[in-house]
Amino acid sequence: MTETTQRIQGARSPELHHAVGMLRGLREHLIQDATSYRPLPPMSPDGPVTRRLPEGIRRYVVWTPHAAVCAAALLVVAVAFDRGPFVFGLLPAAPILLTLVRPVAAFWGSLLAATLSSVVAGPWDGGPWTPLTFFSHLVVLTVVAARTQPRTAAWMWVVTGVYGLFSGMVFGGYGGENTAALLFVSALVLLTVTVLHVRREAKEEVTAERTVTAHERSMRTLLEERTTIARELHDVVAHHMSVVAIQAEAAPYRVENPPPELEQAFVTIRENAVAALAELRRVLGVVRAEDYEAPDAPQPTLADLDGLLANVRDAGLAVDKAVTGAARELPQGVELSAYRIVQEALSNVLRHAPGAAARVEIAYVLGGLGLRVVNGPPRGLVKPSPGAGHGITGMRERVAMLNGELTAGPTDDGGYEVTAFVPVTKDEATA
C-alpha cells in the first residue's frame, strides 16, 4: 500500500468530520457534565430590584429561584395526587428538584421519568409525553438552559426531539402531536432563555472591559502627571547642579596658593556635576513628548502666588489668601509643588464650582509647609464642566514625591476642600 493510498483512506470526508464534531459536542455538553455537582446559587442582593427592598426582605428574596423550582415540583405532585396514582407525580417532580444541584443529570432524569410514566400510564394519559411529564420536562429544560451554556440548550432540544419520535414509535406509533407541541413551546422558551443568557454575558464582558479601560486610563493619567512633574523638576535640579559646577570651578581661585589636592578635588566635583547634568538631560529626553517645548521663564514658586490669584480673580473667582507662621524660603521642589497644587485646586474651582468663593491658606510650621484650598458650593446659572480626573491625581503625586500627605473631599456646605502637608527638615529649609 502506497503512502498516497494510506493518506486517502485515512482522510475523513467532510460529512464524517461534521458528524464526529457533533458527537463530540454532545458528549462535552450532555455526557461529561452529567454528574457535575453545581448547586444553584442565590440571587445577587445588589440586583436592580432586590437592592431597593428592605434589608429584612432582601435576605429571603435572594432564594426566589429555589422557591420557584420547589413550587413547580409541588404543583406536579398536587396535580398527580388528584388525577391518579401518587407515583405519577413523584416521577416527574424528582428531576425538577434535581435541577437545583445537578442540572445536566436532571435533564436525563426527566427523560427517564417520561419513559416510566408512559409505561405505567393509564387510559387518561397519552404517550410519549403525559401532561405531567410535558410540563415537568419543559420546566427542566428552562432551568437547565438558564444554568448552562446556549449549546447545551440546543443539544437538549435535539435530544428531546429524537427521544420523542423514538418513544412515540415504541409506544404504539402515537405521540407525534404532543412531541411537536413540546418542541415548539420549548424552542420558544429556550430561545428566550438563550437571548437573556447571551445578553447577560455581553453585559458582564462590557462591565469587565469598562473596568479594565478605567484602570488603564487611571494608569495613563498617573504616568502623564509623573512625566509633567519630572519635566518641571528638571529645571530645579539642573539649576542646582549648574551652581555646583560653577562654584567648584571658581573655588580654587578664591584661595591663594591652594594645594594640588584641593584643586584636584574641585576639578572632580565639577566633572561629576557636568556629567550629572548630561545624564539629567538624557532622562528628560526620554519623558519629553514630541511637542514639548521647554519654558523660557523659571519655574514658579510661592512668591509668584499673588500673580496667580490675580489671574483667577480676573477670571471671575473671588479668592482670598491667608498666611500663617513666619514665611521663609523653602527648597525649590517644595515651592514648585506647592504652587502647582494651589494652581490646580483653583482651576478645579473654576471648572466644577462656578460662582463659588475660594480661600487659600498657607501655613509655615516648624516641620514643613501646610496648604489648604477650600471653596463654597457653586452659585449662579453656569453649569459645572466635567473634568478628566487629572487634577487630584497630579496633586497626590506631587505630595507623595515629597513624602507628604494630601486629602481632598467635599465639605458639609456643598463645597470642596484640598489640604496638604509637605514635611521640610531644618537642613532642607536652609540649603
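Everything numeric in this text was worked out from a predicted model, so none of it was measured. Throughout this document, residue positions are counted from 1 along each chain, in the order its sequence is written. Restriction of local features to residues with pLDDT of at least 70 applies here, the model being predicted, together with a cutoff of 80 or more for giving and counting side-chain atom pairs; totals for whole chains, interfaces and linings are based on all residues. Water and hydrogen atoms were dropped before computing side-chain values, which therefore reflect all heavy atoms in the structure.

**Re the overall build of the protein**
Worth spelling out the cut-off: Only runs of H or I of at least four residues qualify as helices and only runs of E of at least two qualify as strands under DSSP, and these elements are numbered from the N terminus. Every residue pair with non-hydrogen atoms within 4.5 Å of one another is taken to be in contact. Computed with the Shrake-Rupley method and a 1.4 Å probe, the accessible areas treat only the protein chains shown as cover for residues.
In terms of regular secondary structure, the protein is built from 14 helices and 5 strands. A fraction of 71% describes how many contacts in the protein between residues 6 or more apart in sequence connect residues 24 or more apart. Carbon and sulfur atoms provide 61% of the accessible area of the protein, an area that totals close to 26,000 Å².

**Topic: the packing of helix 6 (residues 103-119) against helix 7 (residues 131-147)**
Test applied: All axes here are fitted lines through C-alpha atoms, helices being fitted over the stretch that makes contact, and every angle between N-to-C directions spans 0 to 180 degrees. An angle below 35 degrees is treated as roughly parallel, one above 145 as roughly antiparallel, one from 65 to 115 as roughly perpendicular, and anything else as oblique. Classification convention: Asp, Glu, Lys, Arg as charged; Ala, Val, Leu, Ile, Met, Phe, Trp, Tyr, Cys, Pro as nonpolar; all other residues, Gly among them, as polar.
Put simply, helix 6 and helix 7 touch, their axes get as near as 9 Å, and they point 170 degrees apart. Relative to helix 7, the element helix 6 lies roughly antiparallel. Together, P103, A106, F107, S110, L111, A113, A114 and S117 of helix 6 and T133, H137, V140, L141, V144 and R147 of helix 7 make up the contact between the two elements. Among the residues making up the contact of helix 6 with helix 7, the classes are represented as 9 nonpolar, 4 polar and 1 charged.

**Focus: the sheet that holds strand 4 (residues 405-410)**
Keep this limit in mind: Pairing between strands is defined by DSSP: at least two bridges between them are needed.
The strand order across the open sheet formed by 5 strands is 1-2-3-5-4, and the pairing between neighbours is mixed. Of all strands in the sheet, those with a lone pairing partner are strand 1 (318-324) and strand 4, marking the two edges. Strand after strand, the sheet turns through a mean of 10 degrees between neighbouring axes, direction not considered. Where strand 3 (residues 368-375) and strand 5 (residues 416-423) come together, 8 bridges link them in antiparallel fashion. Of the residues in strand 5, the one forming a bridge with G368 is P423. The sheet strands contacting helix 11 (residues 305-314) are strand 1 and strand 2 (357-365), and the helix crosses strand 1 at an angle near 160 degrees.

**Focus on the nonpolar core**
Put simply, the rule reads: We call a set of buried residues a nonpolar core when its members are Ala, Val, Leu, Ile, Met, Phe, Trp, Tyr or Cys and they connect through side-chain atoms within 4.5 Å of each other. The cut-offs for exposure are 20% and 50% of the maximum accessible area for each residue type, with area from a 1.4 Å probe on protein chains only; residues under the lower value are buried, those over the upper are exposed, and the others partly exposed.
Judged by nonpolar contacts, the single largest core of 36 residues is most densely connected at L30, I96, F107 and M156. Secondary structure elements with two or more residues in this core: helix 2 (14-31), helix 4 (64-83), helix 5 (87-98), helix 6, helix 7, helix 8 (150-170) and helix 9 (176-250). Here this core takes 8 residues from helix 7, the largest share from any one element. In this structure F107 touches L30, H137, V140, L141, M156, V159 and T160, once residues within four positions along its chain are discounted. By size, the runner-up hydrophobic cluster in this structure holds 33 residues, among which are L317, V334, L346 and L406.

**With respect to the packing of helix 11 against helix 12 (residues 332-352)**
Their axes nearest at 11 Å, the elements helix 11 and helix 12 cross at an angle of 10 degrees. With respect to helix 12, the axis of helix 11 lies roughly parallel. Along its contact with helix 11, which presents L305, L308, L309 and V312, the element helix 12 presents Y339, V342, Q343, L346 and L350. For the contact of helix 11 with helix 12, the class distribution of residues is 8 nonpolar, 1 polar and no charged.

**Some thoughts on a negative patch on the surface**
Selection rule: Surface patches are drawn from residues lacking salt bridges whose relative accessible area is over 30%; two like charges belong together within 9 Å, two nonpolar side chains (Val, Leu, Ile, Met, Phe, Trp, Tyr) within 5 Å. We define a salt bridge as a contact between a side-chain nitrogen of Lys or Arg and a carboxyl oxygen of Asp or Glu at a distance within 4 Å. Here the positive residues are Lys and Arg and the negative ones are Asp and Glu; neither His nor the chain ends is included. Where a charge lies is defined by one atom per residue type: Lys uses NZ, Arg uses CZ, Asp uses CG and Glu uses CD.
On the surface, E201, E204, E205 and E209 cluster together to form a negatively charged patch. Following the sequence through the fold, E204 ends up in helix 9.

**Remarks on the pairing of strand 1**
Convention followed: Crossovers are described as right-handed under a simple rule: with the strands pointing away from the observer, the path leading from the first strand over the helix to the second runs clockwise.
Judged from the 7 bridges that link them, strand 1 and strand 2 form a sheet pairing that is parallel. Residue K321 lies in a different strand from strand 2, and its bridge partner there is V360. The parallel pair strand 1 and strand 2 is bridged by helix 12, and the resulting crossover is left-handed.

**Points about the confidence of the model for the protein**
Here is the rule: Across the chain, each position has a pLDDT score giving the predictor's confidence in that residue, from 0 to 100.
On average, residues of the protein carry a pLDDT of 78, and 79% of them reach 70 or more. For residues 4-11, every residue scores under 50 in pLDDT, and the model assigns this stretch 2 contacts once sequence neighbours within four places are set aside.

**Focus: the environment of Q264**
Examined against the element boundaries, Q264 turns out to sit in helix 10 (residues 260-287). Judged by its relative accessible area of 48%, Q264 falls in the partly exposed class. For Q264 and P252, which are 12 residues apart along the polypeptide, the C-alpha to C-alpha distance reads 9.5 Å.

**Here we look at the packing of aromatic side chains**
For clarity, the threshold we go by: What counts as a ring pair is set by centres within 6.5 Å for rings of Phe, Tyr and Trp (its six-membered ring), and what kind of pair is set by the plane angle: stacked under 30 degrees, edge-to-face over 60, tilted for all other angles.
As enumerated under the stated definition, the model contains 2 aromatic pairs in all. Seen in terms of ring centroids, F107 and W108 are 5.3 Å apart; in terms of plane orientation they differ by 65 degrees. Their pairing is edge-to-face.

**What about the pattern of salt bridges?**
According to the stated counting rule, one finds 5 salt bridges in the structure shown. In this structure, R359 and E361 form a salt bridge, with 2.9 Å as the shortest nitrogen-oxygen distance. The exposure class of R359 is partly exposed, given its relative accessible area of 34%. Ionic pairing is found between E361 and R372, a salt bridge with its closest N-O pair at 3.1 Å. Taken together, the residues span a long stretch of sequence, with E361 in strand 2 and R372 in strand 3 at a distance of 11 residues. For E361, a relative accessible area of 24% gives the class partly exposed. By sharing partners, the salt bridges in this structure join R359, E361, R372 and E417 into a single network.

**Focus: the environment of E405**
Tracing the backbone through its elements, the reader meets E405 in strand 4. Relative accessible area serves as the criterion here: at 61%, E405 is assigned to the exposed category. For the pair E405 and M395, spaced 10 residues apart in sequence, the C-alpha to C-alpha distance is 10.0 Å.

**Regarding a positive patch on the surface**
A surface patch of like charges, here positive, comprises R51, R52, R199 and K203. Mapping R51 onto the fold places it in the loop between helix 2 and helix 3 (55-61).

**Concerning the side chain of H137**
Within the fold, H137 resides in helix 7. Those residues in contact with H137, other than ones at most four positions away along the chain, are F107, S110, L111, W129, T160 and L182.

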